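The primary structure of each chain is shown beneath.
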Amino acid sequence: MQKDQLLTRRRALLTGAATLGAAGVAAALAPGAAHRAAPPAPPAAGAQAARRPLSPSEYRLSPLTGYGPPRSTTARTPVRKEPLLRVSGRGRTMVLTFDDGPDPRYTPHILDTLARYDVRAMFFVCGEMATEHRDLLARMADEGHVVGNHTWTHPLLTRLSRRRIRAEMERTCDIIEKAYGERPEWFRAPYGAWNRAAFQLGAELGMEPMAWTVDTLDWTTPGTDTIVERVEHGAAPGVVVLSHDAGGDRSQSVRALRDYLPELLDSGYHVTVPRRQYL
Ligand SMILES: [Zn+2]
């Protein structure tokens, strides 16, 4: 996508949020781990005026007119119509993401390589893996990585009822909170198969939808060199790279990271994690 289009989309989003009087959200890059967002800005002057004392008759209308404080804090996360495909930020920044884990056979090696180069990444974990390997989520927290929600069992969400999608998401948020220490702020649909329910429920649970820019297709085990080539060929400012640390033999993904990470850093890329900003 062109940069101009992205800017236009961000502006449209921000304008929409302002009209609604809700706090807008944008993705931005931070040098370190994700931080909890600041509270929303105070309401504008117009909103203050609307909060004048109500007469009894007006008061009865208040549930319909929407006066008063927001009903829930989850209104802070907008419901998007498509996932974020890349991140905004200054300079040559890139984000590495690893899905489907954690897996004790591969994830520790990936964490070792990231630690060696002092780089933070995102891990979109599945609840059923996370609950078995809570120590790895604790390590991700200790080392400043961002953990996102990738559902509990990795189903195709487009074939599930709303109730089951919510259960898949909510249960995974809970285990992440227990093992990682914070509820996730990001969600990624398995197979990149999004639908309206996924966007709505994700927002209700306070998560932004994140897809990717460059797919390494590492799950097809194309060979370490091919994975390296795909990352280096796709490298550009704002790019989000998709790889996997579980779901099969991921030794090629582990080896590829050892090759392309120092290459990206040598080329001047700042490899980091996104931060959500409430505006
Ligand atoms: Zn996946």
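Because the structure is a prediction, the values reported are computed rather than measured.

**What about helix 10 (residues 251-266)?**
- Under the 1.5 Å per step criterion, the end-to-end length of helix 10 is 24 Å for 16 residues, consistent within 8% with the ideal 22 Å.
- Of all the bends in helix 10, the largest measures some 30 degrees and sits at Leu-257.
- Those residues of helix 10 lying buried are Gln-252, Ser-253, Val-254, Ala-256, Leu-257, Tyr-260, Leu-261, Pro-262 and Leu-264.
- Once helix 10 finishes, Gly-268 follows within two positions and takes phi at roughly 95 degrees, a positive value.

**Brief notes about the nonpolar core**
- Ranked by size, the top nonpolar core spans 36 residues in total, and within it Leu-96, Phe-123, Tyr-260 and Leu-264 carry the most contacts.
- Elements supplying a minimum of two residues to this core: strand 2 (93-99), helix 4 (107-116), strand 3 (122-125), helix 6 (134-142), helix 7 (162-180), helix 9 (224-234), strand 8 (239-244) and helix 10.
- It is helix 10 that provides the largest number of residues to this core, a total of six residues.
- The contacts of Phe-123, once residues within four sequence positions are left out, are Phe-98, Thr-107, Ile-110, Leu-111, Leu-114, Met-140, His-145, Val-146, Val-147, Gly-148 and Asp-245.
- Ranked by size, the runner-up nonpolar core spans 15 residues in total, among them Phe-187, Phe-199, Leu-205 and Met-207.

**Here's the deal with helix 4**
- Buried within helix 4 we find Thr-107, Pro-108, Ile-110, Leu-111, Thr-113 and Leu-114.
- Against strand 2, strand 3, helix 6 and helix 10 lie the buried residues of helix 4.
- Within two residues after helix 4, Asp-118 carries a phi angle of roughly 55 degrees, on the positive side.

**Brief notes about the packing of aromatic side chains**
- This model, assessed by the stated rule, comprises three aromatic pairs.
- Ring geometry for Phe-187 against Trp-194: centres 5.8 Å apart, planes inclined by 80 degrees, an arrangement best described as edge-to-face. Exposure class is identical for Phe-187 and Trp-194. Each is buried.
- The structure contains a cluster of three or more aromatic residues connected by ring pairs, namely Phe-187, Trp-194 and Phe-199.
- For Arg-92, the ring lying beneath its charged end belongs to Tyr-269, and the centroid distance is 4.4 Å.
- A cation sits over an aromatic face here: Arg-171 above Trp-152, 3.9 Å from the ring centre.

**A look at a negative patch on the surface**
- A contiguous patch of negative charge, built from Asp-225, Glu-229, Glu-232, Asp-259, Glu-263 and Asp-266, is present on the exposed surface.
- On the basis of relative accessible area, Glu-232 is assigned to the partly exposed category, the value being 33%.

**Considering the pairing of strand 2**
- Within strand 2, seven of the seven residues are buried, which leaves the element mostly enclosed by the surrounding structure.
- Where strand 2 meets strand 9 (residues 270-271), two bridges bridge the pair, whose relative direction is parallel. Residue pairing across strands places Thr-93 opposite His-270, the latter belonging to strand 9.
- Pairing of strand 2 with strand 8 involves six bridges; the strand directions are parallel.

**Re unusual backbone geometry**
- With an omega dihedral of 0 degrees, the bond running from Gly-101 to Pro-102 counts as a cis peptide bond.
- Although it is not a glycine, His-154 adopts a positive phi angle of roughly 60 degrees.
- Assignment of secondary structure puts His-154 in the loop between strand 4 (146-149) and helix 7.
- With phi around 60 degrees, Tyr-191 is a residue other than glycine that occupies positive phi space.
- Residue placement: Tyr-191 occurs in the loop between strand 5 (186-187) and helix 8 (196-204).
- Judged by relative accessible area, Tyr-191 falls into the exposed class, the value being 58%.

Rules of the game
Residues numbered from 1 in each chain as written. Predicted model: local features only at pLDDT ≥ 70, side-chain atom pairs only at ≥ 80, totals over all residues. Heavy atoms only, no water. Helix = DSSP H or I, 4+ residues; strand = E, 2+ residues; numbered from the N terminus. Expected span 1.5 Å × (residues − 1). Bend = angle between axes of the 7 residues up to and from the residue. Buried < 20%, exposed > 50% of the residue type's maximum accessible area, 1.4 Å probe, protein only. Core = buried A, V, L, I, M, F, W, Y, C linked by side-chain atoms within 4.5 Å. Contact = heavy atoms within 4.5 Å. Phe/Tyr/Trp six-rings, centres within 6.5 Å; stacked < 30°, edge-to-face > 60°. Lys NZ or Arg CZ within 6 Å of the ring centre and 35° of its normal. Patch = residues over 30% accessible without salt bridge, like charges linked within 9 Å, V, L, I, M, F, W, Y side chains within 5 Å. Areas by Shrake-Rupley, 256 points an atom, 1.4 Å probe, with all protein chains shown as cover. Salt bridge = Lys/Arg side-chain N within 4 Å of Asp/Glu carboxyl O. Lys, Arg positive; Asp, Glu negative; His and termini not counted. Charge placed at Lys NZ, Arg CZ, Asp CG, Glu CD. Pairing = 2+ DSSP bridges.

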